[in-house]
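Letter by letter, the chains look like this.
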Amino acid sequence: MATNSRGEGDRVGHGNTFCALPRLLGGSQQIMQMLLWPLPYLESLGTWRPGADLLYNFSSEASLAATGVKMKIPASVHICGTMLALLSLLAVLQTATARKNDIDIYSLTVDSKVSSRFAHTVVTSRVVNRADTVREATFQMELPKKAFITNFSMIIDGVTYPGNIKEKAAAQEQYHAAVAKGESAGLVKATGRKTEQFQVSVSVAPAAKVTFELVYEELLKRHLGVYELLLKVQPQQLVKHLQMDIHIFEPQGISFLETESTFVTNELEKALTTSQNKTKAHIQFKPTLSQQQKSPEKQDTVLDGNLIIRYDVNRTLSGGSIQIENGYFVHYFAPEGLPTMPKNVVFVIDKSGSMSGRKIEQTREALIKILDDLSPKDQFNLIVFSMEATQWKPSLVPASAENVNEARSYAASIKAQGGTNINDAMLMAVKLLDNDNRNELLPAGSVSLIILLTDGDPTVGETNSTKIQKNVQKAISDKYSLFCLGFGFDVSYSFLEKMALDNGGLARRIYEDSDSALQLQDFYQEVANPLLEAVAFEYPSNAVEEVTQDNFRLLFKGSEMVVAGKLRDQSPDTLSAKVIGHMHKQNITFQMESSVAEQEEEFRSPKYIFHNFMERLWAYLTIQQLLEHSVSASDAERQALKTRALNLSLSYSFVTPLTSMVVTKPEGQEQSQVAEKPVEEENRHRKVYSGGSYADPSFVLRRGFSRQGVARFPPGFGVGVGGLPERSGFRGPPHAPDAPLPPYPSHHLTHASLPSMAFLVPDSALPAEPDQAMLHVVDTRIKETTTTVPASELPAPSTPPYPCPPACSACPRNCVLAVPAPIQAPSVILPLPGQSVDRLCVDIKQSQGPMNLLSDPTQGVEVTGQYETEEARFSWIEVTFKNPQLQVHASPEHVVVIRNRRSFAYKWKETLFSVMPSLKMTMDKTGVLLLSGPDKVTIGLLPWDGPGEGLRLLLRDTDRFSSHVNGTLGQFYQDVLWGPLEAADDSKRTLRVQGNDHSATRELKLDYQEGPPGTEISCWSVEL
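Cut-offs applied
Residues numbered from 1 in each chain as written. Predicted model: local features only at pLDDT ≥ 70, side-chain atom pairs only at ≥ 80, totals over all residues. Heavy atoms only, no water. Salt bridge = Lys/Arg side-chain N within 4 Å of Asp/Glu carboxyl O. Helix = DSSP H or I, 4+ residues; strand = E, 2+ residues; numbered from the N terminus. Pairing = 2+ DSSP bridges. Axes fitted to C-alpha atoms, helices over the stretch in contact; angles between N-to-C directions. Buried < 20%, exposed > 50% of the residue type's maximum accessible area, 1.4 Å probe, protein only. Arc of directions from axis to C-beta. Contact = heavy atoms within 4.5 Å. Phe/Tyr/Trp six-rings, centres within 6.5 Å; stacked < 30°, edge-to-face > 60°. Lys NZ or Arg CZ within 6 Å of the ring centre and 35° of its normal. Parallel < 35°, antiparallel > 145°, perpendicular 65-115°, else oblique. Left-handed = near helix turned anticlockwise from the far one by under 90°. Nonpolar A, V, L, I, M, F, W, Y, C, P; charged D, E, K, R; others polar. Disulfide = S-S within 2.5 Å. Expected span 1.5 Å × (residues − 1). Polar contact = N/O pair within 3.5 Å; in protein donor to acceptor, adjacent residues only side chain to side chain. Core = buried A, V, L, I, M, F, W, Y, C linked by side-chain atoms within 4.5 Å.

Draft legend 1. A look at the pattern of salt bridges. Applying the stated criterion to the full structure yields 38 salt bridges. Across the pair Arg-956 and Glu-1010 runs a salt bridge, and its minimum N-O distance is 3.5 Å. With Arg-956 in strand β58 (residues 950–956) and Glu-1010 in the loop between β61 (996–1007) and β62 (1015–1023), the pair connects residues that are 54 residues apart, well separated along the chain.

Draft legend 2. Fine view of the sheet that holds strand β35 (residues 574–583). The sheet built from 4 strands is open, its strands ordered β33-β31-β35-β36 with antiparallel pairing. Each edge of the open sheet is held by one strand with a lone partner, namely β33 (551–556) and β36 (586–595). Neighbour-to-neighbour, the strand axes of the sheet open up by a mean angle of 30°, direction not taken into account. By the bridge criterion, 5 bridges tie strand β31 (residues 530–538) to β33 in an arrangement that is antiparallel. Pairing of Pro-530 across the sheet is with Phe-556, part of β33.

Draft legend 3. Expanded view of helix α10 (residues 596–604). Among all positions of α10, only Val-596, Gln-599, Glu-600 and Phe-603 are buried. Seen along its axis, α10 keeps its buried residues to an arc of 100°; they face one direction. Away from its buried face by more than 90 degrees, α10 exposes Ala-597 and Glu-598. Among the structural elements, β17 (241–249), β22 (321–325), β34 (561–567), β35, β36 and α11 (613–632) are those in contact with the buried residues of α10.

Draft legend 4. Structural view of the environment of Gln-391. Positionally, Gln-391 belongs in strand β26 (residues 389–391). With relative accessibility at 28%, the residue Gln-391 sits in the partly exposed group. Expressed as a C-alpha distance, the spacing of Gln-391 and Ala-425, which sit 34 residues apart in the sequence, is 8.9 Å. Ignoring anything within four residues of it in the chain, the contact list for Gln-391 reads Leu-382, Ile-383, Met-428 and Leu-432.

Draft legend 5. Focus on the pairing of β22. Counting buried residues along β22, 5 of its 5 residues qualify, which places the element largely inside the surrounding structure. Residues Ser-321, Gln-323 and Glu-325 of β22 are buried on one face, and the alternating residues Ile-322 and Ile-324, pointing to the opposite face, are buried as well. Pairing analysis gives 5 bridges linking β22 to strand β23 (residues 328–333), with the strands arranged antiparallel. Across the sheet, residue Ile-324 finds its bridge partner in β23, namely Phe-329.

Draft legend 6. Looking closely at the packing of aromatic side chains. A complete count under the given rule lists 25 aromatic pairs for this structure. Between Phe-347 and Tyr-524 the ring centres are 6.3 Å apart and the planes differ by 45°, which places this aromatic pair in the tilted class. Here the residue Phe-347 occupies a position in strand β24 (residues 343–350), and Tyr-524 occupies one in helix α9 (residues 516–527), the gap between them amounting to 177 residues. On the basis of relative accessibility, which here comes to 1%, the residue Tyr-524 falls in the buried class. When the ring of Trp-978 is compared with that of Trp-1020, the centres are 6.3 Å apart and the planes differ by 50°; the resulting orientation is tilted. Residue Trp-978 is located in strand β59 (residues 976–978), and its partner Trp-1020 is located in strand β62; the two are separated by 42 residues in the primary sequence. Pair check on accessibility: Trp-978 and Trp-1020 agree, each one buried. Connected via pairs of aromatic rings, a cluster forms that spans Phe-118, Phe-148, Tyr-620 and Phe-654. The ring of Trp-1020 carries the charged tip of Arg-989 above its face, separated from the ring centre by 5.2 Å.

Draft legend 7. Summary view of the packing of α11 against helix α12 (residues 635–651). The interhelical angle for the contact between α11 and α12, taken along N-to-C directions, is 155°, at an axis separation of 9 Å. Comparing their axes, α12 and α11 come out roughly antiparallel. The handedness of the crossing between α11 and α12 comes out as left-handed. Between α11, through Trp-618, Thr-622, Ile-623, Leu-626, Leu-627, His-629, Ser-630 and Val-631, and α12, the contact on the second element is made entirely by Arg-638, Leu-641, Lys-642, Arg-644, Ala-645, Leu-648 and Ser-649. In the contact of α11 with α12, the residues fall into 8 nonpolar, 4 polar and 3 charged.

Draft legend 8. Spatial organisation of the state of the cysteines. Counted under the stated rule, the structure contains 1 disulfide. Linked covalently through their sulfurs, Cys-841 and Cys-1019 form a disulfide whose S-S length is 2.0 Å. Every disulfide takes its handedness from the sign of the S-S torsion; for Cys-841 and Cys-1019 that torsion is -120°, giving left-handed. Of the two residues, Cys-841 is situated in strand β47 (residues 839–843) and Cys-1019 in strand β62; the sequence distance between them amounts to 178 residues. Overall, Cys-1019 belongs to the buried group, its relative accessible area being 0%.

Draft legend 9. Focus on helix α6 (residues 422–438). With 17 residues, α6 extends 24 Å from end C-alpha to end C-alpha; this agrees with the ideal 24 Å at 1.5 Å per step. Within α6 the residues assigned to the buried category are Ile-422, Asn-423, Ala-425, Met-426, Ala-429, Val-430, Leu-432, Leu-433, Asp-434 and Asp-436. Positive phi appears at Glu-440, one or two residues downstream of α6, with a value of about 55°.

Draft legend 10. Molecular detail of the environment of Glu-868. Position of Glu-868 among the secondary structure elements: in strand β49 (residues 861–868). For the pair Glu-868 and Gly-849, spaced 19 residues apart in sequence, the C-alpha separation works out to 8.8 Å. Contact partners of Glu-868, with chain neighbours within four places excluded, come to Arg-873 and Ser-875.

Draft legend 11. Inspection of the side chain of Asn-403 at higher detail. On the secondary structure map, Asn-403 appears in helix α5 (residues 401–412). With a relative accessible area of 16%, Asn-403 lands in the buried category. Reaching out from Asn-403, the side chain makes a polar contact with the side chain of Ser-400 at a distance of 3.2 Å. Look past the residues within four positions of Asn-403 in its chain and what remains in contact with it is Phe-380, Trp-392, Val-397 and Pro-398.

Draft legend 12. Expanded view of the packing of helix α4 (residues 358–373) against α9. With their axes 8 Å apart at the nearest point, α4 and α9 run at an angle of 30° to one another. Comparing their axes, α9 and α4 come out roughly parallel. In this structure, the crossing between α4 and α9 has a hand that is right-handed. Contacts between α4 and α9 involve Gln-362, Thr-363, Glu-365, Ala-366, Lys-369, Ile-370 and Asp-373 on the former and, on the latter, Ser-516, Ala-517, Leu-520, Gln-521, Tyr-524 and Gln-525. Residues belonging to the contact of α4 with α9 are distributed by class as follows: 5 nonpolar, 5 polar and 3 charged.

Draft legend 13. Spotlight on the nonpolar core. Residues Leu-830, Leu-840, Val-879, Val-888, Leu-929 and Leu-941 are the most contacted members of the largest nonpolar core, which totals 61 residues. Once residues within four sequence positions are removed from consideration, Leu-929 is found in contact with Val-888, Val-895, Trp-908, Leu-912, Met-921, Thr-922, Met-923, Ile-939, Gly-940 and Leu-941. Listed in part, the 58 residues of the second largest apolar core include Ile-103, Phe-139, Val-202 and Ala-281.

Draft legend 14. Geometry of the sheet that holds β34. Pairing is antiparallel in the open sheet, where 4 strands are placed in the order β22-β23-β34-β32. Sheet topology places β22 and β32 (544–545) at the edges, where each strand pairs with a single neighbour. Along the sheet face, α10 touches β22 and β34 and points at about 70° away from the line of β22.

Draft legend 15. Here's a closer look at the environment of Asp-245. Within the fold, Asp-245 resides in strand β17. A residue is classified by how much of its surface remains accessible, and Asp-245, at 10% relative accessible area, is buried. Once residues lying within four places of it in the same chain are set aside, the contact partners of Asp-245 are Val-110, Asp-111, Ser-112, His-282, Ile-283 and Gln-284. A polar contact is formed between the side chain of Asp-245 and the side chain of His-282, at a distance of 2.8 Å.

Okay, here's the thing in structure tokens:
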């Protein structure tokens, strides 16, 4: 679209029609307000019905701040029947915005050094203002909630403006003064499940340069057998010098290392490199400008997502690893090879009315899966509560197949209604365990756990939170461990956290999202395998001092205990340690020694490891534990604990819940921005959806548009059909989601290909609003390569419709055009190596229960699936690898990857790049998920939404199958014999597989292997 110098769109008149498209300009103070209203009910993606429009509503008074021009759009405008590509409109927005964003990031580096689990991350960004006027740059990044910011500074015109760490109370006056003046004083806020966002804005003079640097530190926690470091990559523009370096040093040795990214594409793969030896690893990401571009003709970046590093260390059945540096020590304890202790579990499940809908469905789903994971040695019971509490069985029962099946049926019948009586439910759970313990029904050497799941505060019975906490603590009396799960943000997390910590457990928030059931299952996996209880660490009193927590109630498989402390001035040359614990029916003691001199030397040699890190690790761990202990401490003890935590925070410059960082700025700019550590309870009523990430450095001008040219609209903007709340003065069109559908059917015409287009149509053909001027844009993007012809455009026949005769120039008014059926995609396409026929199309017509699609023990892979013959599609497909141990479960909704008993959920058509030992997993925007590796057959999965929609399986590199491959599909990679073409019909022949004959027919099919829309192919088709 061409624009004139006044910033108005070119106008083209023709007869009584008139087209006007305003140029969108982002001003420094005002923005063009746009409202996306998806009015109609779309029967399905790729179909259009009368009124199926996307409306862009420009305000009648649209201020163009950059020109000062005000454009008034008439109340009624006739729009010409001109076609405009919707993507072109977005491109115009992006181009216009890009020209206005003058803050240029010319260098962005992230340097993360991980020394013995302790991560020290430095984010440095250098920007320049290329405008001829003052511009405001906003520095943003996301960091882990468990991390402590240790430093932030800005260098402007050679002058450094540091952040100063102060006691929180001392910064309150500055903080409240800034809020009173309307300034954004709070620099840190929670943004995701695991993240907090740090943000600072500063005015930048023309041609001036600014350097931002932020430093944070965290102790990586072992979770289900892995340590995880996450970094956010979102520069929002192309960066000339962009580099990320992650250095890892682990004296115990690195046992495995894997990287995962949600933005790395095939083009970016070469920019990500990994090198590793026994104790060190270096991961570098350094893309060129061309690699960062979405496409050669576009200047926007593809970098928007997470870079995740996962690893573990070597360990044995021993007292762990003691590491010493600069007068401090850290002791890591996670012995391998211990047997799992039997457990007694009481599940306490909230079924109050607030749990109705998706919450209770996900709870049932997770509970059924958890019940399946119980060990036969375990005992369990269920309590559900709303107004009253009800127990499933009078006592705990063994986790036998019969009892688990009965419990599954009970769990599936749970329905949500009524109030929330947490007090009675918890006391019932404790009484159950007490009675069984008194009657000697609990196995000797077993561990007893109570797991509470609730989504709200108590509303029935005892509703005073403090009294409930006291009642539960008195009843448990240190006999059992309590774990509290808060579902969503309507529950007081601090209430659950204190109740759990009072009773030797922990609390966890379950986020309302599509993967809530997986979150519940993952939590259970954390506590499913207790290894030791009553674990105590002992060190010589003449050797150490100021030791962190050294007594723990339970050690679970996949976790790790960490103890740190100072060495005394006159400590021995060798530090000895003893770890005592209780395992199933016996006590166990681990003893070990560590040479101080050898350990000190080991940490001096690596050139890239930051020194004195162990002292900071000790301070970090001490502060975290002091804050945690203060939750369950008495009032007098709480103040002492907080005072010590505050002093350490100030001494080591940590931004904690007790301290604040005051960010200074040049004279004349707001002087009192304050960074404070958010706490979980502050986010009680804030919805946070799928999970966040870690370092997110970006700069945004405070205008109507971001660097990517996307307008910042109010919450809820563009939420999709049926997702917009009702607004007074606006009405939806006929056939909206809440209106009944018309009685007539829709008739589909098939196209080989139809591009994504947006049509501007006369407003006379659409529902009108007399007081609003609207551009009526009809989105006809076709995902299923079909277009819908509304039956209203066909005359209603007086008699049943019959086909029109061929070549009919004047068909009768009551005939219906015959439409050929679309070419379908087969159930599976098999490439057959070494055969004259290179592709075989297999359609599954008979299936009972899960199918063994293929299995190759030499390859170490198995593929199973459930095929629904009535719907002619797979409801799920599962791929299992032996090395590495990995399971990929695909459903039409998402992909779930299970590794190390940990589940990761991914949505289809999201970029994914994961490299692990001997296996690579990738997914692109088409939704094709590929699992490949050296000398492995490549297995692919995708959610096909073309004709014959459903999950699809694809295979590549099939010449790598061994002679032991088998299964419904695997059999075709054994000896296959093709018969000759039939004399009467050369489109038919016989295929013999393992002694069985199959009729094969040459047919046209749709090849789904590269994703929609697919291409027509000719293949031999076989039915099974």
